[in-house]
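In case you want the letters, here they are:
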Number of protein chains: 2
Amino acid sequence: MGNWQKNIRQVRPYVPGEQPSQPNIIKLNTNENPYPPAPGVIEVLKELDTDRFRMYPDPSSTMLINALAEYYQVSADQVFVGVGSDDVLAMAFLTFFNSGKPILFPDITYSFYDVWADLFRIPYECPKLTEDFRICAEDYKKPNGGIVIANPNAPTSMAEDICFIEEIVKANPDSIVIIDEAYVDFGAVSAVSLVEKYENLFVVQTFSKSRSMAGVRIGFAIANPVLIKAINNVKYSYNSYTINQISLALGAAAVREDAYFKQMVQKIIATRERTKEALEPLGFHCFDSRANFLFAAHNKIPAKELFERLRAENIYVRYFAKPRIDNYLRITIGTDAQMEVFLQKVKKMV
Amino acid sequence: MGNWQKNIRQVRPYVPGEQPSQPNIIKLNTNENPYPPAPGVIEVLKELDTDRFRMYPDPSSTMLINALAEYYQVSADQVFVGVGSDDVLAMAFLTFFNSGKPILFPDITYSFYDVWADLFRIPYECPKLTEDFRICAEDYKKPNGGIVIANPNAPTSMAEDICFIEEIVKANPDSIVIIDEAYVDFGAVSAVSLVEKYENLFVVQTFSKSRSMAGVRIGFAIANPVLIKAINNVKYSYNSYTINQISLALGAAAVREDAYFKQMVQKIIATRERTKEALEPLGFHCFDSRANFLFAAHNKIPAKELFERLRAENIYVRYFAKPRIDNYLRITIGTDAQMEVFLQKVKKMV
C-alpha cells in the first residue's frame, strides 16, 4: 500500500446500542420512545409534495425553526436545527471550543463528548461525579475552554436543578456552556429560560426521545443570536442542506401537536415511576430519574449477569463495561406491557 | 459581552443559490433536476411504517448501501453514504486530509472545496485551469496532501476522460484522490471502474442531480474498503445516525428504478444539446457540457447584465462574481418548455 494511509484521521468510533432486527425483542436499550409519533406527523407525511423532492430543501429550515421559536417563545434567530442532537452537539463542539484550553464535562456522562473532543482535537478534562453520581459545581469554576453538562445526565438519569445550572453558567462568563437536554421533557427543568440572561449559554434538545422521532433525525438548540449565527456559519460551511424536506415538515408538525406530546410524556413518566417502585422491593437501587430510563443496580446479582440473562430472554437493556458504572443497567422505559414482561423476567432472576 | 466570543471558530460561510418561494419562477440556478423522482420512490414513501419513526435508523444504512453495491457491482464494504454529497465530501476532507501538506484542487471548481479546507484548517493550493478551462494533469504531479477533482467540473460543465483521471490517481500513490462526480451521469465516464485498481481513489456521487432527490439529501462514495472503513469511523465519531429512515428507504427505491433514471437523464441530455444549439447562433459560447447545466458567455452582453435581466423576467440562472468566470452564466437544464421560455427571453435581449 502507498503512504496515503498516513493521511487518515485516526479516531475511536462511537459504538451505538444494538438495533436488533428480530420483531420479538423487547428493546429497552437505546432510550427510544415506545409510542409512535403524533398523528399529525403521519398526516403531513401523506400530504408531502413529492414532486418537490427534486429541489433542495430550504437551507434556513424556516418552517421548523419558526415552529420551535413559537413553541419555546423565543425569536427565530435564537434557534438552530440539525440532524439529531448529535449533529447539533458535534457542530457546537467544532464551533465553540477553539480556545486551546481544556473543555470540561463529567467523567460519567453521554459517551459522545470525549469522542467529539478527540475527533476535533479539543483538549478535555473530566471532573469526577460524586460517589452518588452528582455533579459538583465547584469543579466547573476553574479556567476552561468550554463546558458541557447533560441535564438530566446520562446514563445516571438524574437532573440538577435550574439554580445549579445557572451557577455554572454565571461562573463562566468567558466560556460557552452547553447544556444537553436530550431527556429534559421527562421531568427536569429546562435552561431555555436562562438564555435571555446568559449570552454564553447554548441549550440543546432533540426530537428523538420525547417526540418519538429518533428515525427522522431532528435536534435543535436555543441560545442568543450571536451563538446561533456562529454555529449557522459553520453549518453553512459544512453542508448547507443538512435537514431534508421531509424532516422539516414532519418536525414542524410534531411541535404543533402539544397535547399528544404532553400525554405521551406523562404516560412514560408514570410507567417509569411504577417500574421503579416495582424494582426496589426486588433488591434494586434506582436513582431518581428525570429521564425516559432508569439507572439501576441490584444488591446481589452483577449487572453484567442480569444484562446477559435478560438478553437471553429477548429483553435488551444497556450495560456499560466502564469504571464506576459497570454494576448498573440502563433500562429504557417501554410501554406498560413491555415493562410488565421485563419485571416478570427480573423477578424470576433475583 | 464576555470573552467567550474568542472561542468561536471563524469561518467564511458558503452562500447557496437562491431558493425563491414564488411559484411562477423558472428556476435554472441550482442544478436541480426538472423531473420528479421515480414513481417507485413515491410508492415506498406511502408504505413507510411510520410507527418505526420512534426508533433510530439503521446506523449502517444497510438497505441503501446494498442497493448501491448491487447497482455499481461493488461489495457493500466499498460503499459509504451520507446526507448529500456535501456531507460525504466534508467528511472525506476531515478524514483523508491530515498530512499538513497542501491539498490541490483547481482554481475554478466547486466552491465548497476551499470552504471545507478553511473549516478544517487544511492548507490548500489551487492550480489554474488553462485559458479554455481545462485541468492540467502536470499540476497534480507535485508533493501534496491530497487531491480533489470534480469531473465533470463545475461550473465549467466539462469532463475529463477516464485516462486523464487515471493518470492523476496513478501519479499520486501517497495521496488520497477524491473524484467528485456529482454530474457524471449526464454524459461523463465514472472513475468507479478504477476503484479496484487504485486503493487511494475515492469516488463521490449524489442523488441530488440525476436521481431528482436533492430534497431528500443522499450522497455516496465508492472506494476500497480501507478508505470506506476510515470515513465510517469518522462518521460514527461524529453522528452515528446521519441518514434518516425515510431517506434510506427512498434512496434504495430510487436505485431500483433504473429505466426511469436512464430515461430522465437522456431527456435532460437531449434538452441540453438542443439548448446549446439554439444559444450558439444567438452569440453565446457554451462549453462542451457533460453535466445538467451549460456554462455560457455572450459575445456582446456582459453576463451580469443578462443575469439581472433574466431575473427581472422571473428566470433565475447562476452568476458568479469571481475572477475569470464573471462573464459566464451557469444555466441549469430545465424541461423543454422551461428552456423554450428561457430561449425566447434571451432572444429578445440579444
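Before reading on, note that the structure itself is shown above.
Residues numbered from 1 in each chain as written. Chains lettered and ligands numbered in written order. Predicted model: local features only at pLDDT ≥ 70, side-chain atom pairs only at ≥ 80, totals over all residues. Heavy atoms only, no water.

A word on the side chain of B:Gln205
Residues and elements named next belong to chain B.
Part 1: Considering the arrangement of structural elements, one finds Gln 205 in strand S7 (residues 201–206).
Part 2: Here the side chain of Gln 205 touches Tyr 72 through a polar contact of 3.3 Å, side chain to side chain.
Part 3: Side-chain polar atoms of Gln 205 contact the side chain of Glu 181, separated by 2.9 Å. (Helix = DSSP H or I, 4+ residues; strand = E, 2+ residues; numbered from the N terminus. Polar contact = N/O pair within 3.5 Å; in protein donor to acceptor, adjacent residues only side chain to side chain.)

Comments concerning the side chain of B:Glu181
All names here are of chain B.
Part 1: When you line up the elements, Glu 181 lands in the loop between strand S6 (177–180) and S7.
Part 2: Buried within the structure, Glu 181 lacks any salt-bridge partner; its nearest side chain of opposite charge belongs to Arg 211, at an N-O separation of 11 Å.
Part 3: Here Ala 191 takes part through its backbone nitrogen, which lies 2.6 Å from a polar atom of the side chain of Glu 181.
Part 4: The contact partners of Glu 181, leaving out residues within four places of it in the chain, are Asn 151, Val 189, Ser 190, Ala 191, Val 203, Val 204 and Gln 205. (Buried < 20%, exposed > 50% of the residue type's maximum accessible area, 1.4 Å probe, protein only. Lys, Arg positive; Asp, Glu negative; His and termini not counted. Salt bridge = Lys/Arg side-chain N within 4 Å of Asp/Glu carboxyl O. Contact = heavy atoms within 4.5 Å.)

Some details on the nonpolar core
Part 1: Counting 186 residues, the largest nonpolar core has A:Leu250, A:Phe342, B:Leu250 and B:Phe342 as the members making the most contacts within it.
Part 2: Ignoring any residue separated from it by four or fewer positions in sequence, one finds B:Phe342 in contact with B:Leu28, B:Thr275, B:Leu279, B:Leu310, B:Ile315, B:Val317 and B:Ile331.
Part 3: Judged by nonpolar contacts, the second largest core, of 73 residues, contains A:Ala92, A:Phe97, B:Phe112 and B:Val148. (Core = buried A, V, L, I, M, F, W, Y, C linked by side-chain atoms within 4.5 Å.)

Quick look at the interface of chain A and chain B
Part 1: With 85 residues of chain A in contact, the opposing surface of chain B contributes 85 residues.
Part 2: Where chain A abuts chain B, roughly 7,100 Å² becomes buried across the two surfaces, and 59% of that area is made up of carbon and sulfur atoms.
Part 3: Its largest share of buried area at the contact with chain B, chain A owes to A:Trp4, A:Arg54 and A:Tyr238, together 12% of the area lost on that side.
Part 4: At the surface where chain A touches chain B, the tally comes to 0 salt bridges.
Part 5: Taken together, the connections running from chain A to chain B amount to 45 residue pairs in polar contact (both at pLDDT 80 or more).
Part 6: Mapped onto the side of chain A that touches chain B, the elements with two or more residues apiece are helix H1 (39–46), helix H3 (84–96), helix H4 (113–119), helix H6 (225–238) and helix H7 (245–256) of chain A.
Part 7: The greatest single-element share of the side of chain A that touches chain B, amounting to 8 residues, is contributed by H6(A).
Part 8: Its residues assigned to classes, the side of chain A that touches chain B shows 45 nonpolar, 27 polar and 13 charged. (Buried area = accessible area lost by both parts, 1.4 Å probe. Nonpolar A, V, L, I, M, F, W, Y, C, P; charged D, E, K, R; others polar.)

Looking at the sheet that holds strand S9 (residues 284–286) of chain A
Part 1: Pairing in this open sheet of 4 strands is antiparallel, and the strands run S9-S10-S13-S12 (chain A) from one edge to the other. What marks the edges here is a single partner per strand, and that holds for S9 and strand S12 (318–319) of chain A. (Pairing = 2+ DSSP bridges.)

Notes on the pairing of strand S8 (residues 219–223) of chain A
Residue and element names in this part refer to chain A.
Part 1: Where burial is concerned, most of S8 is hidden: 5 out of the 5 residues are buried.
Part 2: Judged by which residues are buried, S8 turns out to be covered on both faces: Gly 219, Ala 221 and Ala 223 on one side and Phe 220 and Ile 222 on the other are all buried.
Part 3: Note: strand S7 (residues 201–206) against S8, 5 bridges, orientation antiparallel. Within S8, the residue paired with Phe 202 across the bridge is Ala 223.

Quick word on the packing of aromatic side chains
Part 1: Applying the stated criterion across every chain, the model contains 51 aromatic pairs over all chains.
Part 2: Plain terms: the ring middles of A:Phe105 and A:Tyr124 are 5.4 Å apart, the flat faces sit at 20° to each other, and that makes the pair stacked. A residue pair is termed long-range when its members are at least 10 positions apart, and A:Phe105 in the loop between strand S3 (103–104) and H4 and A:Tyr124 in strand S4 (residues 124–125) qualify at 19 residues.
Part 3: Between B:Phe287 and B:Phe295, the ring centres sit 6.2 Å apart and the planes meet at 25°, which makes this aromatic pair stacked. Residues B:Phe287 and B:Phe295 agree in their burial class; the two are buried.
Part 4: Through a chain of ring-to-ring contacts, three or more aromatic side chains come together here, namely A:Phe93, A:Phe97, A:Phe105, A:Tyr110, A:Phe112, A:Tyr113, A:Trp116 and A:Tyr124.
Part 5: The ring of A:Phe207 has A:Arg211 sitting right over it, with the charged end atom 5.6 Å from the ring centre.
Part 6: A cation over a ring is seen here: B:Arg330 above B:Phe293, with NZ or CZ 5.8 Å from the ring centre. (Phe/Tyr/Trp six-rings, centres within 6.5 Å; stacked < 30°, edge-to-face > 60°. Lys NZ or Arg CZ within 6 Å of the ring centre and 35° of its normal.)

A closer look at helix H2 (residues 62–72) of chain B
Since the α-helix advances by 3.6 residues per turn, residues separated by three or four positions end up pointing in the same direction.
Part 1: Among all positions of H2(B), only B:Leu64, B:Ile65, B:Ala67, B:Leu68, B:Ala69 and B:Tyr72 are buried.
Part 2: Taken from the residues just after H2(B), B:Gln73 is the one with a positive phi, measuring 50°.

Let's talk about the pattern of salt bridges
Part 1: For the coordinates displayed, the defined rule picks out 30 salt bridges over all chains.
Part 2: Two residues, B:Glu308 and B:Lys304, come together in a salt bridge whose shortest N-O distance is 3.2 Å. Of this pair, B:Glu308 and B:Lys304 both sit in helix H9 (residues 303–312), 4 residues apart, roughly one helical turn.
Part 3: Bridged by salt links that share partners, the residues A:Glu138, A:Lys141 and A:Glu167 form one connected network.

With respect to the environment of A:Ile165
Residues and elements named next belong to chain A.
Part 1: Topologically, Ile 165 is positioned in helix H5 (residues 162–170).
Part 2: With relative accessibility at 2%, the residue Ile 165 sits in the buried group.
Part 3: Here the alpha-carbon distance between Ile 165 and Met 339, two residues 174 residues apart in the chain, equals 33 Å.
Part 4: Filtering out sequence-adjacent residues up to four positions away, Ile 165 remains in contact with Ile 149, Asn 151, Ile 179, Ala 191 and Leu 194.

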